[in-house]
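Overview (structure and organization)
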Amino acid sequence: MATWLGGLGISTIKKALWCKAPVPTLPLCSRQLACLADSFDASSRYKDQPWEYMNSEEYLQQYGQKSVWADYRRNHKGPIPPQKTRKTCVRGGKTCGNPCPICRDQKLGLNYRNVKLLQQFICPHTGTVYDPTKTGVCMKQQKALVKAITEATDHGLLPAHVPYIVLPHEDYLNIHGAVSNTPSPKAGPWYTWYEWQEPNPKEVARLQKLYKPYLKEMMANK
């Protein structure tokens, strides 16, 4: 290090400090270059194809055969956990402490083709999406998760769950009043409370006087 600084000279260091001149950087070793190349390739590959991360050794070492939210516990004050999850884990470009299972791992891409990840958030018995209070996912990622599951179902990558409803035996019978034959009309008025009543002559005269311009035919006959 001293040899390298001596080779630069005091004048170069002064210019770098006072004039903000570019200081020549130390050459990177082969190990550092390999680490940078591996991180760049992995992040770019998983960004375009996040489903490959689910089959990688890195994912198996970190999660194993469990779901990504199985061992997640949110930090909270007191013995009772909060009833709702966060709105978002990233605010103003800063990630909060102990982010949700999806926000803490940037390689988990919420894509409708990433079926293995989406199946971890769907109940295998009912086919419904798990509540965020169970998985710990923030509300922003929960909305994106529901959207990705809906798109995967529309593309046929996930099975559409149709609930089975047991209909009662009475619905198949024809003895109900709503599905039976219409009875024949009775003699007289259809409704017992409805009978013809002669209108009041004074009320008829008042209405005829009120609507006299509109009663052309009646006035013409008179």
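In the block above lies the structure referred to throughout.
Summary of the structure given here. A quick note: this is a predicted structure, and the numbers were derived from the prediction, not measured.

Cut-offs used in this document
- Residues numbered from 1 in each chain as written.
- Predicted model: local features only at pLDDT ≥ 70, side-chain atom pairs only at ≥ 80, totals over all residues.
- Heavy atoms only, no water.
- Phe/Tyr/Trp six-rings, centres within 6.5 Å; stacked < 30°, edge-to-face > 60°.
- Buried < 20%, exposed > 50% of the residue type's maximum accessible area, 1.4 Å probe, protein only.
- Helix = DSSP H or I, 4+ residues; strand = E, 2+ residues; numbered from the N terminus.
- Lys, Arg positive; Asp, Glu negative; His and termini not counted.
- Salt bridge = Lys/Arg side-chain N within 4 Å of Asp/Glu carboxyl O.
- Contact = heavy atoms within 4.5 Å.
- Core = buried A, V, L, I, M, F, W, Y, C linked by side-chain atoms within 4.5 Å.

**Focus: the packing of aromatic side chains**
The geometry of an aromatic ring pair is captured by two quantities: the separation of the ring centres and the angle between the planes. In this structure the tally under the stated criterion is three aromatic pairs. Ring centres 5.7 Å apart and planes at 75° place the aromatic pair Tyr53 and Tyr59 in the edge-to-face group. Judged by its relative accessible area of 0%, Tyr53 is buried. Of the residues examined, Tyr59 reaches a relative accessible area of 4% and is grouped as buried.

**Digging into the side chain of Asp105**
The residue Asp105 is located in the loop between strand E2 (94–95) and helix H5 (115–119) in this model. Within the buried set, Asp105 has no salt-bridge partner at all; the shortest N-O distance to an opposite charge, 6.1 Å, is to Lys107. Ignoring anything within four residues of it in the chain, the contact list for Asp105 reads Tyr53, Gln62 and Tyr63.

**A closer look at the pattern of salt bridges**
Two side chains bearing opposite charge may form a pair once their charged atoms approach each other closely. Scanning the entire structure with this criterion turns up three salt bridges. A salt bridge links Lys66 to Asp71; the shortest N-O distance between them is 3.6 Å. Across the pair Glu203 and Arg206 runs a salt bridge, and its minimum N-O distance is 2.5 Å. With Glu203 and Arg206 both in helix H8 (residues 201–210) and three residues apart, the pair spans about one turn of that helix. Accessibility expressed as a relative area gives 37% for Glu203, which makes it partly exposed.

**Looking at the nonpolar core**
If you look at the biggest cluster of nonpolar residues, it comprises 26 residues, and the most contacted ones within it are Tyr59, Val68, Leu108, Leu118, Phe121 and Leu158. Breaking this core down by element, the ones donating at least two residues are H5 and helix H7 (139–154). For this core, the leading source of residues is H7, giving four residues. Contact partners of Tyr59, with chain neighbours within four places excluded, come to Tyr53, Met54, Gly64, Lys66, Val68, Leu108 and Gln120.

So yeah, pure geometry; function would need other evidence.
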